Amino acid sequence: MARIKLTVNGVRHSRDVEDRTLLVDLIRDELGLTGTHIGCDTTQCGCCTVHMNGRAVKSCTILAAQANGADILTIEGLAKDGELHPVQQAFTDCHALQCGFCTPGMIMAVVGLLKDNPRPSDEDIYHGLEGNLCRCTGYINIVKAVKQAAAQGADGH
Amino acid sequence: MFSLNYVRAKSLKHAAELLAQNPEAKLLAGGMTLLPTLKQRLARPSHLVDIAAIGALRAIRPSKGKLSIGAGVRHYEVASSPIVRQAIPALACLAGLIGDPQVRNMGTIGGSLANNDPAADYPAAALALNATIVTDRRRVKAGDYFQGLFATALEEGEIITRVLFPLPKQAAYEKFPHPASGYAMAGVFVAVTARGVRVAVTGAGPGVFRWNAAERALGRSLSPDAVAKLSLPADEMNEDIHASREYRANLVNVMTRRAVAKL
Ligand SMILES: Cc1cc2nc3c(=O)[nH]c(=O)nc-3n(C[C@H](O)[C@H](O)[C@H](O)COP(=O)(O)OP(=O)(O)OC[C@H]3O[C@@H](n4cnc5c(N)ncnc54)[C@H](O)[C@@H]3O)c2cc1C
Ligand code: FES
Ligand code: FES
């Protein structure tokens, strides 16, 4: 057991967890933030994507202990003052989801992509979303949403 | 995952002590190979010694005409580093092709070289560029370091600290990624050095290897056509559900020509 202190969506938390606890389990089970999903066992689907110290990471493949002292941003932390983040709004406008299971991870990955590359080409978008799988949409509307968000300058988070 | 003890090493010395005191301990760098293995219960270390916070392992810098990259440098840092892009652009390009953005944000060059997955990308660059693997004990040339499927010259408790890359005159990397994992079905790194052309192949065989016949042919004429008629013995290639031996041998030829065309 160890005491883990971390900041999630601007709020400081402190929890005693077993050393083998995964960050995603801390986020979901201890903090109750269930927007971060678990879609696979092989680090491939990206549903669990959150930002750790400003970089998109797969929280199913990080120990909570590795995140000790870190600043974490989850899907719940994107909207500000009741206004959706431009990437969330673009996903809504472009119908970039069907079942919605991949969506939180997809959106966190897109926010990360636009931070590094505010004006991505189609190729950049395909390459930038290689860590996220969607079983429903065929990706076409997701790419549309990324372009809409980029056009609105969504990188300024 | 089996239960284990997590320790964050404060320094290289601290990490080495922890490994010496706990024979069943394992180093943890980016965790992008080790944690999936632990989640599947394929390993049962007593301790994980996290070396990510050790500043001494994080530097990218020129070093006596070579490029030095710390073992703890993450893939995205190599891909986006102005120093790497200027010194060995092909290496930055290779790092940007590893896995996916989230994997590149965590995974490290030291972890990749220690693991020596037969389909990993960095081993091809290290072998083609004749890199030196520097550990807390000694220096090992890439040619001696890689010893086949997941095997390296590393001894028990030995820690990679940095990798020294001699600067090539020209270099290029081409890979045919597996569509789901991104790992190389075949990846070829071609380096033109003062001492001749070096061609290293990953993904196709049981471990990274040099393609000597292609090196000689490219030494005579540095053009894609020079290797067009060469073929690798298919019986030395890997075969699995993704590709036959013959297909992989052919992919190596195609990736080599593409890499040469990119020089
Ligand atoms: C979905 C996915 C896709 C991937 N695709 C690719 C790909 O296309 N190409 C590719 O090359 N790789 C790929 N990888 C692997 C990735 O590059 C890993 O980051 C890398 O292989 C291991 O680095 P790490 O820092 O994560 O090491 P860890 O997982 O932390 O450690 C790996 C091993 O190395 C040891 N180790 C770590 N650091 C050191 C050190 N300094 N000295 C000695 N031993 C050490 C550890 O004890 C462990 O045994 C992929 C991984 C995933 C999850
Ligand atoms: S749950 Fe699939 S990558 Fe994390
Ligand atoms: S919307 Fe269903 S998995 Fe992407």
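Counting from 1, residues in each chain are numbered in the order their sequence is written. Each chain is given a letter, starting from A, and each ligand a number, starting from 1, according to the order in which they appear as written. With the structure being a predicted model, the display of local features is reserved for residues of pLDDT at least 70 and the display and counting of side-chain atom pairs for 80 or more, all residues being used for whole-chain, interface and lining totals. Excluded from the side-chain calculation are hydrogens and water; included are all heavy atoms of the structure.

A.B. asks: How do you make sense of the sheet that holds strand β2 (residues 26-28) of chain B when you look at a structure like this?
C.D. replies: Sheet strands line up and pair through hydrogen bonds in the backbone, either parallel or antiparallel. Residues and elements named next belong to chain B. At least two DSSP bridges between two strands are needed for those strands to be called paired. The helix count covers DSSP runs of H or I at least four residues long, the strand count covers runs of E at least two residues long, and both are numbered beginning at the N terminus. Taken in spatial order, the 3 strands line up as β1-β3-β2 in an open sheet, and their pairing is parallel. Taken across any chain shown, the strands that pair with only one partner, and hence form the sheet edges, are β1 (5-8) and β2. Adjacent strand axes in the sheet meet at a mean angle of 30°, parallel and antiparallel pairs treated alike. Relative to strand β3 (residues 47-50), β2 runs parallel, the two being bridged by 3 bridges. For L28, the partnering residue across the bridge sits in β3 and is D50. Pairs of residues are marked as contacts when any of their non-hydrogen atoms sit within 4.5 Å. Lines fitted to the C-alpha atoms define the axes, with helices restricted to the stretch that makes contact. Angles between their N-to-C directions range from 0 to 180 degrees. Set on the sheet, helix α1 (residues 12-21) makes contact with β1, β2 and β3; between it and β3 the angle comes to about 170°.

A.B. asks: Can you walk me through the interface of chain B and chain A in this structure?
C.D. replies: When the parts of a complex come together, some accessible area is lost, and that lost area is often taken as the interface size. At the interface, 31 residues of chain B touch 28 residues of chain A. Note on terms: buried area is the combined drop in 1.4 Å-probe accessible area of two parts once they are placed together, counting the loss on both. Summing both partners gives a buried area of about 2200 Å² for chain B against chain A, and 56% of it is carried by carbon and sulfur. Broken down residue by residue, the surface that chain B buries against chain A is led by Y6(B), K39(B) and Q102(B), which jointly contribute 28%. The working definition used for a salt bridge is a side-chain nitrogen of Lys or Arg within 4 Å of a carboxyl oxygen of Asp or Glu. At the surface where chain B touches chain A, the tally comes to 1 salt bridge. Any pair of nitrogen or oxygen atoms within 3.5 Å is treated as a polar contact; in protein, a donor-acceptor pairing is required on top of that, and neighbouring residues in sequence qualify only through side-chain atoms on both sides. Linking chain B to chain A there are 12 residue pairs in polar contact (both at pLDDT 80 or more). Of all the secondary-structure elements, those providing two or more residues to the side of chain B that touches chain A are β1, α2 (34-39), β3 and α6 (101-106) of chain B. No other element matches α6(B), which puts 6 residues into the side of chain B that touches chain A. Just so you know the grouping, Ala, Val, Leu, Ile, Met, Phe, Trp, Tyr, Cys and Pro go in nonpolar, Asp, Glu, Lys and Arg go in charged, and all remaining residues, Gly too, go in polar. Tallied by class, residues from the side of chain B that touches chain A come to 16 nonpolar, 9 polar and 6 charged.

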